[in-house]
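# Residue-level structure breakdown
Spelled out from the first residue to the last, the chains are:
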Amino acid sequence: MNKEQSKMTHKQLADDADLSFIASGLSEILGRQMLSYHAVHEGFVPRFATVKQSMLANAGEAETAGLCIRAGRASFHYWMKQNDARLGWKEAHFRLLPLRARTNRVMTDLLDWLEKHIHLTAKINQTESTWQISVDGLTHSDSPLDCKMFFGLLQEAVCWAGCGKFHVVREIKCQLEGADFCVLEIERQAAG
């Protein structure tokens, strides 16, 4: 593939409406060449499912899960660049919110956006020690995200909102295993 084809493919990925943040995150972690291969050979912006199948064939299940989480984390920053001003995240009143309030706001804003643009159904429940995010739609074949990408996206959002503090995230239920919703649990207390 020549440089011009690679540039054109990357531009196609970036022009994919509001979902270019996903392609950008995947490109950052996997490299532009893997995404370009799918776009050139299939004639369209690659669906996440297609890229994931290729990752599974080349890297294995555990490695693919890790790459998807990392790509989700990278994707958050691209999504934020597209949306932070519109959401008021650059304003002083947002920046001065207490950490838990800012984290709640970031998660709510992100989930509302995903619900509107990707048609996921998401709900946040809080306990004293965790946030539990119930999501429907990640396991559909046409979803641009899967559980692991979503996991990484949320993990990075909470980390960013909490001024770089790492919060443990785990998937406690999955629709692929028969649950009604995929459920992620995020520790409210930062690790370490």
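Up top is the structure these notes are about.
Throughout what follows, the structure given in this document is the object of discussion. (Residues numbered from 1 in each chain as written. Predicted model: local features only at pLDDT ≥ 70, side-chain atom pairs only at ≥ 80, totals over all residues. Heavy atoms only, no water.)

## Concerning the pattern of salt bridges
What the rule picks out here adds up to 5 salt bridges. Put simply, Arg73 and Glu156 hold a salt bridge, and the shortest N to O gap is 2.5 Å. Residue Arg73 is found in helix H5 (residues 61–87), and its partner Glu156 is found in helix H8 (residues 147–161); the two are separated by 83 residues along the sequence. Judged on exposure class, the residue Arg73 and its partner Glu156 are both buried. A salt bridge links Arg105 to Asp109; the shortest N-O distance between them is 3.1 Å. Note that Arg105 and Asp109 are positioned in helix H7 (residues 99–118) at a spacing of 4 residues, about one turn of the helix. Overall, Asp109 belongs to the buried group, its relative accessible area being 13%. (Salt bridge = Lys/Arg side-chain N within 4 Å of Asp/Glu carboxyl O. Helix = DSSP H or I, 4+ residues; strand = E, 2+ residues; numbered from the N terminus. Buried < 20%, exposed > 50% of the residue type's maximum accessible area, 1.4 Å probe, protein only.)

## Some details on the packing of aromatic side chains
Across all of its chains, the model carries 9 aromatic pairs by this definition. The interplanar angle of 10 degrees and the centroid separation of 5.6 Å between the aromatic rings of Trp89 and Phe94 together place this pair among those described as stacked. Comparing Trp89 with Phe94, the two get one shared label, buried. Ring geometry for Phe94 against Trp160: centres 6.2 Å apart, planes inclined by 15 degrees, an arrangement best described as stacked. Remark: Trp160 occurs in helix H8 and Phe94 occurs in helix H6 (residues 92–95); sequence separation between them is 66 residues. Residue Phe94 is classed as buried on the basis of its relative accessible area, which comes to 0%. Counting every residue linked through ring pairs, the aromatic cluster contains Phe21, Phe76, Trp79, Trp89, Phe94, Trp113 and Trp160. (Phe/Tyr/Trp six-rings, centres within 6.5 Å; stacked < 30°, edge-to-face > 60°.)

## Regarding the pairing of strand S4 (residues 182–187)
The element S4 is extensively covered by neighbouring structure, given that 5 of its 6 residues are classed as buried. Strand direction decides the pairing type here: strand S2 (residues 130–136) and S4, joined by 6 bridges, are antiparallel. Bridging from a neighbouring strand, Ser134 pairs with Val183 of S4. The pairing of strand S3 (residues 169–173) with S4 spans 4 bridges and is antiparallel. Across the sheet, the residue bridging to Lys173 is Val183, located in S4. (Pairing = 2+ DSSP bridges.)

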